[in-house]
Amino acid sequence: MANSGDVCTILDEDGVIRYHSPGIAEILGYPQTAGVGLRVTDIVHKDDKEKISARIAECLATPHSTFIERFRLRHANGQWHWLEGRARNLMHEPNIEGLLIVSRDINELVRLRDHIEHIESEAQIALWRWEKGNPAPFWTPTLARMFGYEKPPYFEDGRWNIHLIHPEDRESSLAQYQEAADAKRAWFVRQRMLCADGTYRYFDIHTYYESDLSGEVIAAAGVITDATDMVGKEEALLRNEQQNQLIAQHAIDMIARHAPSGALNFISPSVERTLGYTPEEAIQHDILANVHPDDQASFFAGLEEMTKSDKSVTVTFRLPHKAGHYVWLETTLQPLRNRRSGRLEEVLAISRDVSERKRYESELLRARERAEAASRTKSQFLANMSHELRTPLNAIIGFSDIIRQQLFGPIENEKYREYIDLIHDSGSLLLELISDILDMSKIEAGKMQLHMQPTSISELAEASVRIIGARAEEKRQNVSLAIHPSVEKTPLVCDERAVKQILLNLLSNAVKFTPEGGSVGVEIVREGSFIAIEVADSGIGIPQEQLPRLTRPFEQVASESHISHEGSGLGLALVKALTDLHGGKLSIESEEGEGTKVRVTLPLAPTGQLDLLDELGISVPASD
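Since the structure is predicted, the reported quantities are computational estimates derived from the model, not experimental observations.

(A) Broad picture of the overall build of the protein chain. Secondary structure summary: the protein chain contains 18 helices and 22 strands in total. The buried share of the protein chain, taken over its 624 residues, is 39%. Intrachain contacts of the protein chain at a sequence separation of at least 6 include 53% that bridge at least 24 residues. Of the roughly 35,200 Å² of accessible surface on the protein chain, a fraction of 52% belongs to carbon and sulfur atoms.

(B) Molecular detail of the side chain of His-292. Along the polypeptide, His-292 turns up in the loop between helix H9 (279-285) and helix H10 (296-309). For His-292, a relative accessible area of 15% corresponds to the buried category. If sequence neighbours within four positions are ignored, His-292 has contacts with Arg-318 and Tyr-326.

(C) Spotlight on the sheet that holds strand E5 (residues 98-105). Sheet architecture is open: 5 strands sit in the order E2-E1-E5-E4-E3, paired in antiparallel fashion. Either end of the sheet is taken by a strand with one partner, and the two such strands are strand E2 (17-20) and strand E3 (66-74). When strand polarity is set aside, the average angle formed by the axes of neighbouring strands in this sheet is 30°. Looking at chain direction, E3 and strand E4 (residues 80-90) are connected through 9 bridges and run antiparallel. When the bridges of E4 are listed, Thr-66 appears paired with Arg-88. Along the sheet, helix H2 (residues 46-60) makes contact with strand E1 (7-11), E3, E4 and E5, crossing E3 at roughly 150°. Contacting E3, E4 and E5, helix H3 (residues 107-123) runs over the sheet at an angle of about 120° to E4.

(D) Structural view of the sheet that holds strand E8 (residues 187-194). What the 5 strands build is an open sheet, ordered E7-E6-E10-E9-E8; its pairing is antiparallel. A strand with exactly one partner marks an edge of an open sheet, and here the two such strands are strand E7 (138-139) and E8. The sheet contact formed by E8 and strand E9 (residues 200-211) spans 8 bridges and is antiparallel. Note that in E9 the partner of Met-193 across the bridge is Arg-201. Against the sheet, helix H6 (residues 167-183) makes contact with E8, E9 and strand E10 (217-226), and its axis sits at roughly 150° relative to E8, the strand it touches most.

(E) Up close: the packing of aromatic side chains. Tallied over the full model, the rule gives 5 aromatic pairs. With a centroid separation of 4.9 Å and an interplanar angle of 35°, the aromatic rings of Trp-139 and Phe-147 are classed as tilted. The same class applies to Trp-139 and to Phe-147, which are both buried. In this structure an aromatic cluster arises from ring pairing among Trp-139, Phe-147 and Phe-203. A cation over an aromatic ring shows up here: Lys-358 above the ring of Trp-328, its NZ or CZ 4.5 Å from the ring centre.

(F) Structural view of the environment of Ser-590. Considering the arrangement of structural elements, one finds Ser-590 in strand E21 (residues 585-591). Owing to a relative accessible area of 7%, Ser-590 belongs among the buried residues under this scheme. In sequence terms Ser-590 and Gln-544 are 46 residues apart; their C-alpha atoms lie 7.0 Å from each other. Setting aside residues no more than four positions away along its own chain, Ser-590 makes contact with Gly-541, Ile-542, Gln-544, Leu-547, Gly-595 and Thr-596. Among the polar contacts made by the side chain of Ser-590, one reaches the main-chain carbonyl oxygen of Gly-595 at a distance of 3.1 Å.

(G) Layout of the packing of helix H14 (residues 457-474) against helix H16 (residues 496-512). Viewed as axis vectors pointing N to C, H14 and H16 meet at an angle of 35°, and their least axial separation amounts to 9 Å. Every pair of crossing elements has a handedness; the one defined by H14 and H16 is right-handed. Only Glu-496, Val-499, Lys-500, Leu-503, Leu-504, Leu-507, Ser-508 and Val-511 of H16 make contact with H14, whose side of the interface consists of Ile-457, Leu-460, Ala-461, Ala-463, Ser-464, Val-465, Ile-467, Ile-468, Arg-471 and Ala-472. Broken down by class, the residue content of the contact of H14 with H16 amounts to 13 nonpolar, 2 polar and 3 charged.

(H) The arrangement of H10 in detail. With 14 residues, H10 should cover 20 Å at 1.5 Å per step; its first-to-last C-alpha distance of 20 Å lies within 8% of that length. Where H10 is concerned, the buried positions are Phe-299, Gly-302 and Met-306. Buried residues of H10 fall within an arc of 60° about the axis and therefore sit on the same side. Residues of H10 that are exposed and point more than 90 degrees away from the buried face comprise Ala-297 and Lys-308. At the exit of H10 stands Asp-310, carrying a positive phi of roughly 65°.

(I) Spatial organisation of the packing of H16 against helix H17 (residues 571-581). Where H16 meets H17, the axes come as close as 9 Å, and the angle between the chain directions of the two elements is 150°. With respect to H17, the element H16 is oriented roughly antiparallel. When the axes of H16 and H17 are compared, the crossing they make is left-handed. Contacts from Ala-498, Gln-501, Ile-502, Asn-505, Leu-506 and Asn-509 of H16 reach H17 at Gly-571, Leu-572, Leu-574, Val-575, Leu-578 and Thr-579.

(J) Here's a closer look at the nonpolar core. In terms of nonpolar packing, the biggest core is built from 41 residues, with Ile-457, Leu-506, Ile-524 and Ile-531 touching the most fellow members. For this core, the secondary structure elements donating two or more residues are helix H13 (414-445), H14, strand E18 (492-495), H16, strand E19 (519-527), strand E20 (530-537), H17 and strand E22 (595-603). Among the elements that make up this core, the one with the highest residue count is H16 (8 residues). Once residues within four sequence positions are removed from consideration, Ile-457 is found in contact with Val-487, Leu-492, Val-499, Leu-503, Ile-524, Ile-531 and Ile-533. If you look at the next biggest cluster of nonpolar residues, it comprises 22 residues, including Met-254, Ile-267, Leu-275 and Ala-349.

(K) Highlighting the environment of Glu-69. Tracing the backbone shows Glu-69 in strand E3. When its relative accessible area of 14% is taken as the criterion, Glu-69 is described as buried. Sequence separation between Glu-69 and Lys-51 is 18 residues; the distance between their C-alpha atoms is 8.7 Å. Not counting chain neighbours up to four residues away, the residues in contact with Glu-69 comprise Lys-51, Ile-52, Arg-55, Leu-83, Glu-84 and Gly-85. A distance of 2.8 Å separates polar atoms of two side chains, one belonging to Glu-69 and the other to Arg-55.

(L) Representation of a negative patch on the surface in the model. Side chains of Glu-459, Glu-462, Glu-488 and Glu-496 sit close together on the surface and give a patch of like negative charge. Position of Glu-496 relative to the elements: it lies in helix H16. You can call Glu-496 partly exposed: its relative accessible area is 36%.

(M) Fine view of H3. The terminal C-alpha atoms of H3 lie 24 Å apart, and with 17 residues this matches the ideal 24 Å at 1.5 Å per residue to within 8%. Positive phi appears at Gln-124, one or two residues downstream of H3, with a value of about 60°.

(N) Expanded view of the side chain of His-582. Mapped onto the secondary structure, His-582 falls in the loop between H17 and E21. Here His-582 falls in the buried class, since its relative accessible area comes to 4%. In this view, His-582 contacts Leu-450, Met-452, Cys-494, Asp-495, Ala-498, Val-499, Leu-602 and Pro-603; residues no more than four positions away in its chain are not counted.

Parameters at a glance
Residues numbered from 1 in each chain as written. Predicted model: local features only at pLDDT ≥ 70, side-chain atom pairs only at ≥ 80, totals over all residues. Heavy atoms only, no water. Helix = DSSP H or I, 4+ residues; strand = E, 2+ residues; numbered from the N terminus. Buried < 20%, exposed > 50% of the residue type's maximum accessible area, 1.4 Å probe, protein only. Contact = heavy atoms within 4.5 Å. Areas by Shrake-Rupley, 256 points an atom, 1.4 Å probe, with all protein chains shown as cover. Pairing = 2+ DSSP bridges. Axes fitted to C-alpha atoms, helices over the stretch in contact; angles between N-to-C directions. Phe/Tyr/Trp six-rings, centres within 6.5 Å; stacked < 30°, edge-to-face > 60°. Lys NZ or Arg CZ within 6 Å of the ring centre and 35° of its normal. Polar contact = N/O pair within 3.5 Å; in protein donor to acceptor, adjacent residues only side chain to side chain. Left-handed = near helix turned anticlockwise from the far one by under 90°. Nonpolar A, V, L, I, M, F, W, Y, C, P; charged D, E, K, R; others polar. Expected span 1.5 Å × (residues − 1). Arc of directions from axis to C-beta. Parallel < 35°, antiparallel > 145°, perpendicular 65-115°, else oblique. Core = buried A, V, L, I, M, F, W, Y, C linked by side-chain atoms within 4.5 Å. Patch = residues over 30% accessible without salt bridge, like charges linked within 9 Å, V, L, I, M, F, W, Y side chains within 5 Å. Salt bridge = Lys/Arg side-chain N within 4 Å of Asp/Glu carboxyl O. Lys, Arg positive; Asp, Glu negative; His and termini not counted. Charge placed at Lys NZ, Arg CZ, Asp CG, Glu CD.

Structure representation (structure tokens):
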């Protein structure tokens, strides 16, 4: 027991665990003493409890009786793990005096079964398995549907073969069953079987037998296909190899079998359609020896992974066509091992021509690269045009301000004074919009440089509130500022201009989209090594589904209540971009008709430079 790779468990007459072999550590990750003293029905999966309880009670009632059952136990990692237990009543054996259960790990087998059910459905094949001691074979759902049943049929007398096999085929089929079982060899039979609608159909059944370490047959399993439409074809098609040959000839994908050395043992005729070689030429030239040099590393890595894990592996690579060009193939490799020795006997390869898909992928990649290059060019152009665009605007704003103030003499015509005010205000608005666009372009082009220095966030906030105050007064809005005492003593290492722009953009948006008589509140608090700035308003609010759009450049959430508001749609996009450059975070909460709350969290110092505060001789208080 100690050297067994399986788990050996002994239960007493009450189903309580008395012993586990060391194999439990390898399979389930528990120490050998885990579970001792517990009822086995208390630790199995709830869906298996009733089944296991009944099988144990039934086995305990009869000395030396056995059963095989699958169940789930929780692994040490918290996940449920599938096991197959083979139990024998050894209560009367003095060395055991209990119910001996030898459990093997079938977790991967169950996962593979689910995968196979999908393959069955796609390939119109089905699997079955009949374990010794069970009254009927296990059918996959696909097999049940193949016979027209919603679930596998059940016959109380256990004689499913008598009920389902056609009377004329029954004697010969059962004789072949017995002969193959005695010889422990695989076999094939075509027979008529009864379906749910009362009709008989022809089915091809491929069977093999499973043996335990002592050589005793413990189960029979196989693959079944509906062969009704194949009846009447040539007699040669009755042999299994010729059936596979027929399937291979009509398959679009290439089907090949390789020796462990890589040499081709068989390849389907579709190789001629894909690579231009006849099957005989492909085998003779050993086409796998000509994998494209750029693909050899990934191809052989896939082969190594397959041989180590025994799982199917998909690799994509190029092989030369007979005409000279290369063809892209997507190949699924499945190792085929000797069931007893585990030795690799063959590798099954199914290959599909994906050259067209690869061409599309290449075109998409080039198109994306062109688009990204165009975007970079645009951003670089706008960033470089900063001075050329701002200089004339500054002149317009400056000279119009001089005229507004009548520094060189009075303006007698009232219309002129009105027009010069419009010129000044329009120029200021245009400069603000261009500045936003240029700042965003600089950020996108990677040219925005932050000048980090210790800054008083309190002073920045107070100055921003003063600047925005005039707009708020025009709409009779109440703007409040609350700064936590710890913030007054806490420096913020940041780009002063950028943080001030964050504050002004948030306040400007809040005032703009809050109706007359509303309120705007600013709160600044310390949160550990971060400063949190929160701007809340009682404005029109934003629909939940529109929130993700707000931080995209040039995006505005328009509704009838504010469709006429001016702006570039860059306010919050700039806030997010500048926040990200500082290593901070932006979040938005809003409810339509109830207002909006925007929260910006900035680190006290840039990432990896928290010691900068110490170098400057600035004491950072503990977080609140």
